[in-house]
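# Topology and contacts: notes
Each chain, letter by letter, is given below.
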Amino acid sequence: AAASPNAMYLESLYTQWKSNPASLDTTWTAYFEAVEAGKPPAAPPVSGGALRKAAMDSTLVRASAQGLTGVGHVPGGVTGGGLQNLIRAYQMRGHEAADLDPLGLHEWRAIFNKEGVPELDPRYHGFTDADMEKTFDVEFPGMAKSMTLREIVSTLQRTYANKVGVEYFHIQDLKKVEWIRARVEDPAFVPSSKERLVEIYRSLCQVDTFESFLGTKYKTTKRFGCDGGEAAVVGIDAAIAKAVGLGVTDVIIGMPHRGRLNMLTNVVGKSMVQMFAEFKGTHYSFDELMDVMDSQDWAFAGDVKYHLGTSNPREFPGGKVANMTLEANPSHLETVNTVTLGRTRAKQFYAGNTEEQKKAIMPVLFHGDASFAGQGVCYETMQLAQVQEFGTGGTFHVIINNQIGFTTDPIDDRSTLYCSDLGKAFGIPIFHCNGDDPASVVAAFELAAEYRQAWGTDVLMDIICYRRFGHNESLNPDYTQPLLYKQIGKHPRAEAAFAQRLADTGVASKEELDAIKQGIWAKHEEAFDAADKYKGKAMEWVATKWEGFAKPTDEGSASPTGVDLDVLKKVGHALCAAPEGFSLHSGLKRQLKKKKEDIDAGEAIDWAAAEGLAWGTLLLEGNHVRITGQDVQSGTFAHRHCVFTDQKNGEKYCALDNLNLGKQERFIARNSILAEYAVLGFELGYSYENPHALLIWEAQFGDFANTAQVMIDQFISAGEHKWLQQSGIVMLLPHGYEGQGAEHSSCRIERFLQLCDDDEDDIPSFEKDFGRNQIQKSNWQVVNVTTPANVFH
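Please read all numbers here as calculations on a predicted model, not as lab measurements.

## Notes on the sheet that holds strand β5 (residues 310-315)
- Taken together, the 8 strands give an open sheet; going across it, the order is β3-β9-β10-β8-β7-β4-β6-β5, and neighbouring strands pair in mixed fashion. In the strand order of this sheet, the two ends are held by β3 (164-167) and β5, each with one partner. Averaged over all adjacent pairs, the angle separating strand axes in this sheet is 20 degrees, with direction ignored.

As structure tokens, then:
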């Protein structure tokens, strides 16, 4: 049997052969006749890339025969093959010649693609200058049935080498390729009506005015604006609106600092009055906050504006409402990625855990060009996309491609043509967009939103733009990129360029556009004035609030952790049982038999048994329990085996998820990809959504937790102090002095103790509740469990 995806390609060719044997080379007839006769066939006539190309050609020919519009098919003839290859070259590589750089430099091509794309030249396919005025019969959207070669090339350039470069022929699923092709080749792909273009201009003007207004009022304040990349904000706003129209109810956004304040106001829906009050420092009383800090001996540290998150219900055109969440994030680029996906997955789980909920709850991740190409956690993030219990139904990735990383040029920050090339490894569509053409950007973003909803996979947007100022507004980039910034200094803002285009093409008059711009500026002035009277609360921006939970200064309480003996035995018996007919491994049979005897006797309860009894009783009490990490189903020491594997058919059975002792919550034990950084972040984000759940990330060995040190330092130990972000994440770090060397013996427990934020000069009183108040004031608890009873309680 042919391995996938070869089987898929062969199936496409077989379908074509069955419908019209003469349409394929005679070698295919011999091959398929042998298959049908049940004979052991020889290898297919072609393999590898040639097999994929043959299958794609057959798909297009079949679509043409079925009357589908515009498949790029050319009827047979002397030059038909050359023309069809020319069309295919534009479909596959047109993006490499597209007009993508607003500055007109395309430096990445000079660095990584010096030879250009010769396949886009008709002469490459055997045509001469004399052929340019010859007419050819061709089926392609926007083309008459008979067109000159010059007209055909012009249409191909307008479709595939214009302001959007669509990279999608690396996708192995031919149905997805055809889905994208049909829409991109539609002449109406990029909006052209006055109503729509003016609407896009209004959105662009809103984004641009926000940056210009703050630049005018706060010339020396760091705001990490999106100046030069405004179209990315316009695009994601259009994509979310499209997705909401297609059923999305929740959007969870993770992004770095650049453009974050703009996103908060123009996409998430935070009021401009509140934003300006925060710039003015009037959004809450500083004196009142200091009084609280003094009286309660505890307070959050706060963080800069461009790190904070929020959550807000936003109404979209048509009256539909979606809950918008922006995650708080540190300065460590890309670290927020899997935190965002974990929260998304938790929302989907608690909303019903159906495929419909995956479609309805959408994560959005913003990236920088240098960080997406350079940070390994991006690969880890994308590798989670289709993994069981980690997939979110497709992440909407957006790269704001400034063509620079702080002061580093593309030649030094990657080895690939595009900063987005990682996406090709995962078979997702990539849309490269010119950041100075908001209409094309909106078209690409809306198509990507449709694709995510239709196919449930990631999409990747590469918005090629520029950074008008330095890394922040106070840094001078001329020191390191003098030539680039001379070009940027002469370049008009995207709003001005788009306005000029609309006026020059007669879409709207200069007066109409000026009125829109002036009206938006006036609204900013009104909000700025109103900010003086705005009084809010310090916690208004918190993305998640655990209502009703004790503050660190409140007197805590604790519930008994003991469980009725009869219940424990029932749970224990369930842990030791497999369904009738289930073929257990003989060694596991012995382990379960011994475990059941120990539970019946109430003696020699081992580590795994105590753990299972605790989880089982928590589930019966209505608490969701989830444990992930490398090899957690069996346990690093082959001690857990909370998921059984049938020795005959490989089927899985989880006793904890099938206790059959009445109503219980879901139990999930899932082996993760071999990555600590991303998976710990995912579980942290998952933990944000529900305080009444036990969320555990287990390192294979405790020592391996240092691979996730950024997540531990920036989020877990400090998240509540910086952002008031509460979490109940449990890091389970097994280790022991067992002679297995330095990497398997300590988990560096001293690092976790150093990260505790309790006051070393404050000696707590142990007269009441044995120092529980000390635990409440601390950012986390470092617990060294030494017996199975410790584990259970």
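## Observations regarding the sheet that holds strand β14 (residues 667-671)
- As summarised here, the arrangement of the 4 strands in space is β14-β11-β15-β16, forming an open sheet in which the pairing is parallel. Edge positions in the sheet fall to β14 and β16 (730-732), since each of these pairs with one other strand and no more. For this sheet, the mean angle separating the axes of adjacent strands, direction not counted, is 15 degrees.
- Direction of pairing for strand β11 (residues 624-629) relative to β14: parallel, over a ladder of 5 bridges. Residue pairing for β14: Val625 is matched across the bridge by Phe667.

## Let's talk about the pattern of salt bridges
- Per the counting criterion, the structure on display carries 36 salt bridges.
- Residue Asp121 is joined to Arg123 by a salt bridge in which the shortest nitrogen-to-oxygen separation is 2.8 Å.
- The class for Asp121 is partly exposed, based on a relative accessible area of 27%.
- Assessed through its relative accessible area of 56%, Arg123 is described here as exposed.
- The network of salt bridges with shared partners includes Asp208, Asp227, Glu230 and Arg493.

## Here we look at the packing of aromatic side chains
- Enumeration over the complete set of coordinates arrives at 31 aromatic pairs.
- Geometrically, the ring pair formed by Trp28 and Phe32 is stacked, given 5.5 Å between the ring centres and 20 degrees between the ring planes. Of this pair, Trp28 and Phe32 are both found in helix α2 (residues 26-36), 4 residues apart, which corresponds to roughly one turn of the helix.
- We classify Trp28 as buried; its relative accessible area is 5%.
- The exposure class assigned to Phe32 is buried, which follows from its relative accessible area of 3%.
- Among the aromatic residues, those joined into a ring-pair cluster are Phe213, Tyr218, Phe276, Phe279, Trp521 and Phe528.
- Sitting above the plane of the Phe528 ring, Lys217 keeps its charged end 4.8 Å from the centroid.
- Sitting above the plane of the Phe390 ring, Arg626 keeps its charged end 5.2 Å from the centroid.

## Observations regarding the environment of Gln348
- Structurally, Gln348 can be placed in helix α13 (residues 336-350).
- Taking the C-alpha atoms as reference, Gln348 lies 8.2 Å from Ala360; in sequence the two are 12 residues apart.
- Setting aside residues no more than four positions away along its own chain, Gln348 makes contact with Asn353, Gln357, Lys358, Ile361, Gly391, Thr392 and Arg452.

## With respect to the confidence of the model for the chain
- Across the chain, pLDDT averages 88, with 89% of residues at or above 70.
- Contacts from residues 64-71, a stretch scored under 50 in pLDDT, to residues over four places away or in other chains number 17 contacts.
- Predicted confidence for residues 75-79 stays below pLDDT 50, and this span has 4 contacts to residues more than four positions away or in other chains.

## Some remarks on the pairing of β11
- Counting buried positions along β11 gives 6 out of 6 residues, so the element sits mostly inside the fold.
- Side chains His624, Arg626 and Thr628 of β11 all project onto a buried face; the interleaved residues Val625, Ile627 and Gly629 project onto the opposite face, where all are buried too.
- Of the pairings in the sheet, the one linking β11 to strand β15 (residues 693-698) comprises 6 bridges and is parallel in character. By the bridge assignment for β15, Thr628 is matched with Trp697.

Rules of the game
Residues numbered from 1 in each chain as written. Predicted model: local features only at pLDDT ≥ 70, side-chain atom pairs only at ≥ 80, totals over all residues. Heavy atoms only, no water. Pairing = 2+ DSSP bridges. Helix = DSSP H or I, 4+ residues; strand = E, 2+ residues; numbered from the N terminus. Axes fitted to C-alpha atoms, helices over the stretch in contact; angles between N-to-C directions. Salt bridge = Lys/Arg side-chain N within 4 Å of Asp/Glu carboxyl O. Buried < 20%, exposed > 50% of the residue type's maximum accessible area, 1.4 Å probe, protein only. Phe/Tyr/Trp six-rings, centres within 6.5 Å; stacked < 30°, edge-to-face > 60°. Lys NZ or Arg CZ within 6 Å of the ring centre and 35° of its normal. Contact = heavy atoms within 4.5 Å. pLDDT = per-residue confidence, 0-100.

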